[in-house]
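# Observations on the three-dimensional arrangement
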Amino acid sequence: MAKRPAFFVHQGKVVSELYSFEWYPGFAVSQKQKSVKSLHNAIIRADANARTLEISTKSLEPIGVKLSAFHLKIHNHTLENVFQSAKVFENGGPYPDLLAMPPREAKRDARLRNSGSLIAFRYQNEDFPLIPQTVFYDFIYIAAIKEACAIDEILAISGYNYFTDIEFNPAKSINTQARAAAMLKLMVDEYGDLPSFGKEDFIQYHMEHVSYGRSSVYGAAQA
């Protein structure tokens, strides 16, 4: 058994809940998709009204694959490359040459581990803070969706109410495309479309509407 979070909107905030499910080991896409189905079945058992969407290259839905950080593009670069190339460290960065690498190579570049502590993100000549957590990742993710997706696709995404990322392990990282997708749903439900937030307005919205704690919707049911 394994545990992974799903992200959803509850009382005007993006929250998460951990779900226990059967994990299918192996690197094959078919094995990952079995794990996705198992996770989604666990969510549906907890909420019969759940409409689940996996956001990754392992998604069973084409829109879920398109929204993967390795596929989604902003300004002709994948989201993953933009994210990694924006990192500013104590002893170096940002490293704009990471934009030209394959996304998996950019993510594994040694400079990202050997340049000291992360202190900010620099994007389009603006520095984004580390707090609130994930605010920069979520900002560029929403911006990428606005650029890459038609309005009917955005509305289709908002038709789901639980978002997962089978590769995301909250014990090892904090950024996930599933949280950003849940934030998209919140915005569309509130505004009817994705608003054009600037940096400061987005940070304020994020502080008010994104929670990093577990939801109390299901209590200890998934513990």
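Our subject in this report is the structure included herewith. In this text the structure is predicted, and so the values were computed from the model without any measurement. (Residues numbered from 1 in each chain as written. Predicted model: local features only at pLDDT ≥ 70, side-chain atom pairs only at ≥ 80, totals over all residues. Heavy atoms only, no water.)

Below, the discussion takes up the pattern of salt bridges. Counting across every chain of the model gives eight salt bridges. Across the salt bridge formed by glutamate 153 and lysine 66, the nearest N and O atoms sit 3.0 Å from each other. Separated by 87 residues along the polypeptide, glutamate 153 in helix α7 (residues 151-158) and lysine 66 in helix α2 (residues 62-66) bring together distant segments of the chain. Residue classification places glutamate 153 among the partly exposed residues on the basis of a relative accessible area of 23%. A salt bridge links aspartate 109 to arginine 111, with the shortest nitrogen-to-oxygen separation between them at 2.8 Å. For aspartate 109, a relative accessible area of 13% gives the class buried. Ionic contacts of the salt-bridge type, sharing partners, join the residues Lys32, Lys58 and Glu167 into one network. (Salt bridge = Lys/Arg side-chain N within 4 Å of Asp/Glu carboxyl O. Helix = DSSP H or I, 4+ residues; strand = E, 2+ residues; numbered from the N terminus. Buried < 20%, exposed > 50% of the residue type's maximum accessible area, 1.4 Å probe, protein only.)

This brings us to the layout of surface pockets. If you add up the space inside the largest pocket, you get close to 1000 Å³. Those elements that place two or more of their residues in the lining of the largest pocket are α3 (79-85), α4 (103-107), β7 (118-123) and α6 (135-148). Residues that form the lining of the largest pocket fall into these classes: 15 nonpolar, 11 polar and 11 charged. Residue lining of the second largest pocket: Ile74, His75, His77, Val82, Ser85, Ala86, Pro94, Pro96, Leu99, Arg122, Tyr123 and Gln124, and that is the complete set. At the level of secondary structure, the elements contributing two or more residues to the lining of the second largest pocket comprise α3 and β7. Tallied by class, the residues present in the lining of the second largest pocket amount to seven nonpolar, four polar and one charged. (1 Å grid on protein atoms, 1.4 Å probe; cavity = no way out; pocket = protein on both sides within 12 Å on 5 of 7 lines; lining within 4 Å. Points joined across faces, edges and corners; volume = space filled by probe spheres on them. Nonpolar A, V, L, I, M, F, W, Y, C, P; charged D, E, K, R; others polar.)

It is worth spelling out the environment of proline 96 at this point. In this fold, proline 96 is placed in the loop between β6 (87-89) and α4. Judged by relative accessible area, which is 55%, proline 96 ranks as exposed.

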